[in-house]
Amino acid sequence: MILPIVAYGDPVLKRKAKEIQKDYPKLDTLIENMWESMYNAHGVGLAAPQVGLSIRLFVIDASPFAEDDDLIENEETDLKDFKRVFINPVIIEENGDEWDFNEGCLSIPDVREDVFRQPNIKIEYYNQNFEKQTEELSGLAARVVQHEYDHIEGILFTDKLSSLKRKLIKGKLNNITKGKVKVDYRMRFPQLKKRK
């Protein structure tokens, strides 16, 4: 089932999400719905707060990035097979010289900005079968994970921008909150009561 993506301005996007247990109700169904919703919106990642649930869960399929001509060969291979479910993740290490990349977000349509992040991370999480995993990631895979991880911490990529950049996009953000934006996927806008 395709779930509506929660738009910028909804309080759920600014809340630190709670951990879940193995017996979380209908977890497999939720994960399937998140995959379907993400693909429908042409995204590479989707966090539970973006579908209105303040829980520590996100899904990522970074394979669309594997088609980028600027990638080095091993990064292309890593991204092609990078499809994961992250439950209760904890980033335990971030290192390297920060680099910028133009990021967007399904909850903030039509806004893209350069965001600086560290290139390497070490993360612990549970997969869909609640088996504990530890992974070291770098490059775009690390970046997508950091972006989705921020969602469960109540942080949006726009929070990482300079105050000047935030002022410049304030009008766009206000319009998104009010539903004054064209999107080709289902969304839920905080200041719009009814939308077909």
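Being a predicted model, the structure only gives us computed values, none of them experimental. (Residues numbered from 1 in each chain as written. Predicted model: local features only at pLDDT ≥ 70, side-chain atom pairs only at ≥ 80, totals over all residues. Heavy atoms only, no water.)

Student: Help me understand the sheet that holds strand E3 (residues 57-61), please; the structure alone is not making it clear to me.
Tutor: The strands making up a sheet associate through hydrogen bonds between their backbones, and the pairing can be parallel or antiparallel. Spatially, five strands are ordered E2-E3-E4-E7-E8 in an open sheet, and the strand pairing comes out antiparallel. With one partner strand each, in any of the chains shown, strand E2 (45-47) and strand E8 (132-138) form the two edges of the open sheet. Taking each pair of neighbouring strands and ignoring which way they run, the sheet shows an average axis angle of 40 degrees. In terms of strand pairing, E3 meets strand E4 (residues 83-95) through five bridges, oriented antiparallel. For Leu-57, the partnering residue across the bridge sits in E4 and is Ile-87. Helix H1 (residues 27-40) contacts E2, E3 and E4 of the sheet and is inclined by roughly 45 degrees relative to E3. Sitting on the sheet, helix H3 (residues 139-152) is in contact with E2, E3, E4, strand E7 (120-126) and E8, with an inclination near 155 degrees to E3. (Pairing = 2+ DSSP bridges. Helix = DSSP H or I, 4+ residues; strand = E, 2+ residues; numbered from the N terminus. Axes fitted to C-alpha atoms, helices over the stretch in contact; angles between N-to-C directions. Contact = heavy atoms within 4.5 Å.)

Student: Just to check I follow, could you spell out the side chain of Thr-158 for this structure?
Tutor: Here Thr-158 shows up in the loop between H3 and helix H4 (163-178). The contact partners of Thr-158, leaving out residues within four places of it in the chain, are Tyr-8, Ile-108, Arg-166, Ile-169 and Leu-173.

Student: Help me understand the nonpolar core, please; the structure alone is not making it clear to me.
Tutor: For soluble globular proteins, the rule of thumb is that nonpolar side chains tend to be buried together. Core analysis: the largest hydrophobic core is formed by 38 residues, its most contacted members being Ile-31, Met-34, Leu-46, Leu-57, Val-59, Ile-87 and Ile-108. Of all the secondary-structure elements, those providing two or more residues to this core are strand E1 (5-6), H1, E3, E4, strand E6 (108-117) and H4. Per-element accounting of this core gives the leading share, six residues, to H1. Ignoring anything within four residues of it in the chain, the contact list for Ile-108 reads Tyr-8, Leu-156, Phe-157, Thr-158, Leu-173 and Ile-176. One finds Ala-17, Phe-58, Ala-66 and Ile-91 within the second-largest nonpolar core, a separate group that totals 21 residues. (Core = buried A, V, L, I, M, F, W, Y, C linked by side-chain atoms within 4.5 Å. Buried < 20%, exposed > 50% of the residue type's maximum accessible area, 1.4 Å probe, protein only.)

Student: Looking at this model, I keep getting lost on the packing of aromatic side chains. Mind explaining?
Tutor: Within this structure, the stated rule accounts for five aromatic pairs. Ring centres 5.9 Å apart and planes at 15 degrees place the aromatic pair Trp-35 and Tyr-39 in the stacked group. Of this pair, Trp-35 and Tyr-39 both sit in helix H1, four residues apart, which is roughly one turn of the helix. The exposure class assigned to Tyr-39 is partly exposed, which follows from its relative accessible area of 37%. Centroid distance Phe-58 to Phe-86: 4.8 Å. Interplanar angle 25 degrees. Geometry classified as stacked. One end of the pair, Phe-58, is in strand E3; the other, Phe-86, is in strand E4, and 28 residues separate them in sequence. Each member of the pair, Phe-58 as well as Phe-86, is classed as buried. Taken together, the ring pairs in this structure connect Phe-58, Phe-86 and Tyr-125 into an aromatic cluster. The ring centre of Trp-35 lies 4.6 Å from the NZ or CZ of Lys-83, which sits over that ring. Geometry around Trp-99 places Arg-143 over its ring, the cationic atom sitting 4.3 Å from the centre. (Phe/Tyr/Trp six-rings, centres within 6.5 Å; stacked < 30°, edge-to-face > 60°. Lys NZ or Arg CZ within 6 Å of the ring centre and 35° of its normal.)

Student: Quick question: what am I supposed to make of the pairing of E4 here?
Tutor: The side chains of a regular strand alternate, first on one face of the sheet and then on the other. Two strands pair when backbone bridges link them, and E4 and E7 are joined in this way by six bridges, in the antiparallel orientation. Along E7, the bridge assignment pairs Ile-91 with Ile-123.

Student: Would you explain the side chain of Asn-127 in this entry?
Tutor: Secondary-structure assignment places Asn-127 in the loop between E7 and E8. We classify Asn-127 as buried; its relative accessible area is 16%. For Asn-127, the side chain forms a polar contact with the side chain of Glu-131, separated by 2.8 Å. Those residues in contact with Asn-127 that sit more than four places away from it in its chain are Val-85, Ile-87 and Gln-133. (Polar contact = N/O pair within 3.5 Å; in protein donor to acceptor, adjacent residues only side chain to side chain.)

Student: Help me out: how do you make sense of unusual backbone geometry in this one?
Tutor: Trans is the common state for peptide bonds, and a negative phi is the common state for residues other than glycine. At His-42, a position not held by glycine, the phi torsion is positive, near 60 degrees. Note that His-42 resides in the loop between H1 and E2.

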